[in-house]
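Here is what each chain is made of, one letter per residue.
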Amino acid sequence: MHDGSGRIVVQNLTKHFGQVIAVQNLSFQVEPGSVTGFLGPNGAGKTTTLRMLLGLVNPTAGHATISGAPFYQLGNPARVVGAVLEAQGFHPSRTARNHLRVYASAMGVPDQRADEVLHQVGLMEAANRGAGGFSLGMKQRLALATALLGDPRVLVLDEPANGLDPEGIAWLRGFLKAFAVSGRTVLISSHLLAEVEQTIDQVVIISRGQTMYYGPLDALRKSQQSRVIVQPADPNKLVAALQEAGFSEIQPAPDNRIAIANATVQQIGDVAAKAGVALYGMQEEKVDLEQLFFRLTSGQFAAPPQVPYGQVPPVPPMPPGYGPPPPGYPPQQGGYPVPAAPPQQQTPPQGYPYGGNH
Ligand SMILES: Nc1ncnc2c1ncn2[C@@H]1O[C@H](COP(=O)(O)OP(=O)(O)OP(=O)(O)O)[C@@H](O)[C@H]1O
Ligand SMILES: [Mg+2]
């Protein structure tokens, strides 16, 4: 039996579909009283993880529990966890109210719950309309209403913002926050950080089935790095001087420029002056949360084996100076466009002078 805590625990969860490793040794915990975002790009393994949590897919290894028990041991699971996976099918001619009554009866909850949850999700006015004619956003609300029927302590929603208009997203945000503040647990997946950024407190970021970051969103925000992009007359000489001065995170950037992480323009200017290297331009660049998410999940970089809770892994380096600039990269420098390099030059040549740490 479950312990009623509302805690979700995912431990060393792994799923192989033939040759495809959908989820790899994934571990995280979701506490009651908070909204946790489960983020990763398309194909990262979010839905597969949620399906394992909800007993719909058997893990290859590891386990997942809700309130201390695996899904199949929850007794009447709908009373413990409400779940919405990908847009669900509704009987097209059945009204929203009748759809909910059918489910209420299957769960052993009174008929009147149907109207209560319709009210909760703002669908009361459409109670007597056939769900087949609902818009995508209305279907999302009806699916959420269905998940709420059993008055669960835990909500698990796969991409709930899909199909919602801005007003719907704002409504969902308010709803989920209130649900969590009442001491309940919310786990929502999304492939778009911006879509859920204002809703979530905790975040689990995965890429290729592996954890890239797990902890408070605030800690991730605070880890935002800044870097300086500089255009020196002699890049090799400046890099040598910077290395001597203790700067270790140096990357080549397009147009013979170099990018130095965790540095200020003053520091770089001083090193350059001392080394007698002329600078033709310098620019400080802040890495925002979206860029950090992009870098953590862009799939070009090996995932760390396990990320301790709340610890921000070192930001993977920018792609070496040949690839097209990532989003947010300054499209202009000194009044001329930064050219995108041809794809065959993605791999730096051997002996690249200062690309040692990529
Ligand atoms: N039933 C299945 N059979 C074979 N491969 C599968 C199956 N389900 C998922 N996969 C594969 O597992 C990987 C993870 O898929 P999953 O649907 O979990 O990703 P996701 O993070 O939910 O992506 P999205 O953002 O597109 O919804 C993908 O490579 C997918 O093709
Ligand atoms: Mg999915």
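Structural data are supplied above this passage.
Residues numbered from 1 in each chain as written. Chains lettered and ligands numbered in written order. Predicted model: local features only at pLDDT ≥ 70, side-chain atom pairs only at ≥ 80, totals over all residues.

Participant: Just to check I follow, could you spell out the overall build of the protein for this structure?
Facilitator: When helices and strands are tallied, the protein shows 10 helices and 15 strands. For the protein, the share of sequence-separated contacts (at least 6 apart) that also reach a separation of at least 24 residues comes to 73%. (Helix = DSSP H or I, 4+ residues; strand = E, 2+ residues; numbered from the N terminus. Contact = placed C-beta atoms within 7 Å.)

Participant: What should I look at first to understand the sheet that holds strand 8 (residues 202-207) in this one?
Facilitator: In sheet architecture, strand pairing relies on hydrogen bonds along the backbone and comes in two forms, parallel and antiparallel. Strand order in this open sheet of 6 strands is 5-6-7-3-8-9, and the pairing throughout is mixed. Each edge of the open sheet carries a strand with a single partner, namely strand 5 (81-84) and strand 9 (210-216). The sheet shows a mean angle of 10° between the axes of neighbouring strands, taken without regard to direction. Sheet topology note: the strand 6 (residues 154-158)/strand 7 (residues 185-190) ladder contains 5 bridges and is parallel. Bridge assignment links Leu155 to a residue of strand 7, and that residue is Val186. (Pairing = 2+ DSSP bridges. Axes fitted to C-alpha atoms, helices over the stretch in contact; angles between N-to-C directions.)

Participant: How should I be thinking about the site of ligand 1 in this particular structure?
Facilitator: Every residue close to ligand 1 is listed here: Phe17, Val20, Ala22, Gly40, Asn42, Gly43, Ala44, Gly45, Lys46, Thr47, Thr48 and His191. Where the shell around ligand 1 is concerned, the elements lending two or more residues are strand 2 (20-30) and helix 1 (46-53). The element that contributes the greatest number of residues to the shell around ligand 1 is helix 1, accounting for 3 residues. Here the residues of the shell around ligand 1 sort into 4 nonpolar, 7 polar and 1 charged. (Near = placed C-beta within 6 Å. Nonpolar A, V, L, I, M, F, W, Y, C, P; charged D, E, K, R; others polar.)

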